[in-house]
Amino acid sequence: MRKSHRIAAAGAACALAGAALYGAGVAAAGQSTANSTHEPYNIGQLMKDIDTYYGTAADSNGVYQASPDSPYAKDLAQIDADARRYIDKAARKAHRHGEKPAVVFDIDDTLLLSLDYEKRYNYTYNSTTWNDYVNRADRPAVFGSPELVRYAASRGVEVFYNSGLSEALRAAAVANLKKVGADVNLDTDHMFLKDASNPPAYLSGCATPGTWKCTTVQYKSGTRKHIEDDLGYRVIADFGDQYSDLDGGYAGRTYKLPNPTYFVS
């Protein structure tokens, strides 16, 4: 399942050029939206601002890429540096107390960048085009994220993935993550995807076979609770590009990565 609310959440993206909106550390409880009593931000200008923020340019194959010199890349570098310091400190503390530390990563626009899809389809979503795009398994990495995955593992921290991608896209997700160098714990015991046909028992409060009623927060926080309560780990950090990736508890320190192209409640 792809993330739902697209560029209509213009108010949240208006401030995209400011690093403060995406600063490292604990995420805010919500995300602001446009005030309907005033004229909204112009959508054409917003798309130009998004391109400026990412440093968007088409490569020799016509694929839209973010620039490593962009404000987006600089914001990610700040988040990455803070996360490394925190993971090192938190992992050592957890090990001293006999705990098993873990980190949790979202996938879309946390590890794998979908900027090319957003640009090609004018920031709209269609399940057929999205599934085709993911199945190509050739998305570039979000700057620094594969390295952060490997860094966490090198510090004795268990890496888990908690994604809104559907179970049918598992093979493509694994192949793409391997391609960008995030080749850590890509098995079914560590990568949690949405399976509406056969949801896990720990989500029984909002999902039964064939009936999925979980919100993003319920699904993601319920999965983190499973990692802690059932698998015996302590989540020290959670990474996502949406606040709904991070809310609901069982997350340790939360890191909101920048994404001005869509919003998921």
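Check the entry above for the structure.
Residues numbered from 1 in each chain as written. Predicted model: local features only at pLDDT ≥ 70, side-chain atom pairs only at ≥ 80, totals over all residues. Heavy atoms only, no water.

Peer 1: Describe the nonpolar core, with residues and values.
Peer 2: Counting 49 residues, the largest nonpolar core has Val-103, Phe-105, Ile-107, Tyr-161, Leu-177, Met-191 and Phe-239 as the members making the most contacts within it. Per-element accounting of this core gives the leading share, eight residues, to helix α3 (residues 71-96). One finds Trp-212, Tyr-219, Tyr-233 and Val-235 within the second-largest nonpolar core, a separate group that totals 13 residues. (Core = buried A, V, L, I, M, F, W, Y, C linked by side-chain atoms within 4.5 Å. Buried < 20%, exposed > 50% of the residue type's maximum accessible area, 1.4 Å probe, protein only. Helix = DSSP H or I, 4+ residues; strand = E, 2+ residues; numbered from the N terminus.)

Peer 1: Requested: an account of unusual backbone geometry, with residues and values cited.
Peer 2: Within the chain, Tyr-123 stands out as a residue other than glycine whose phi angle is a positive 60°. With respect to the helices and strands, Tyr-123 occurs in the loop between α4 (115-120) and α5 (127-135). Taking relative accessible area as the criterion, Tyr-123 reaches 3% and is therefore assigned buried.

Peer 1: For helix α8 (residues 216-230), give the residues involved together with the corresponding values.
Peer 2: Over its 15 residues, α8 extends 20 Å from the first C-alpha to the last, a length consistent with the 21 Å expected when each residue adds 1.5 Å. Taken together, the buried positions of α8 are occupied by Thr-216, Tyr-219, Lys-220, Ser-221, Gly-222, Thr-223, Arg-224, His-226, Ile-227 and Glu-228. Here the buried face of α8 lies against β3 (101-105), β4 (158-166), β5 (191-194), β7 (211-212) and β8 (234-240). At the exit of α8 stands Gly-232, carrying a positive phi of roughly 85°. (Expected span 1.5 Å × (residues − 1). Contact = heavy atoms within 4.5 Å.)

Peer 1: I'd like a description of the packing of helix α2 (residues 43-54) against α3, backed by residues and values.
Peer 2: Where α2 meets α3, the closest approach of the two axes is 5 Å, and the angle between their N-to-C directions is 55°. With respect to each other, α2 and α3 are oriented oblique. Every residue of α3 that contacts α2 at Thr-52, Tyr-53 and Tyr-54 is listed here: Pro-71, Tyr-72 and Asp-75. Within the contact of α2 with α3, the residues separate by chemical class into four nonpolar, one polar and one charged. (Axes fitted to C-alpha atoms, helices over the stretch in contact; angles between N-to-C directions. Parallel < 35°, antiparallel > 145°, perpendicular 65-115°, else oblique. Nonpolar A, V, L, I, M, F, W, Y, C, P; charged D, E, K, R; others polar.)

Peer 1: An account of the pairing of β4 is requested, with residue identities and associated values reported.
Peer 2: Counting buried positions along β4 yields eight of nine residues, so the element is predominantly enclosed. One ladder, built from four bridges, connects β3 with β4; its direction is parallel. Residue pairing across strands places Val-104 opposite Phe-160, the latter belonging to β4. Where β4 and β5 come together, three bridges link them in parallel fashion. (Pairing = 2+ DSSP bridges.)

Peer 1: Account for the pattern of salt bridges, with residues named and values stated.
Peer 2: Opposite charge on two side chains makes pairing possible when the charged atoms of those side chains draw close. This structure, assessed with the given rule, holds 15 salt bridges. One salt bridge connects Asp-88 with Arg-92, and the closest N-O pair in it is separated by 3.2 Å. Here Asp-88 pairs with Arg-92, and both are found in helix α3, just four residues apart, close to one helical turn. For Arg-92, a relative accessible area of 43% puts it in the partly exposed group. When the shortest N-O distance is used, the salt bridge between Asp-116 and Arg-120 registers 2.9 Å. Here Arg-120 and Asp-116 lie together in helix α4, a separation of four residues that amounts to about one turn. Connected via shared salt-bridge partners are Asp-82, Arg-85 and Arg-253. (Salt bridge = Lys/Arg side-chain N within 4 Å of Asp/Glu carboxyl O.)

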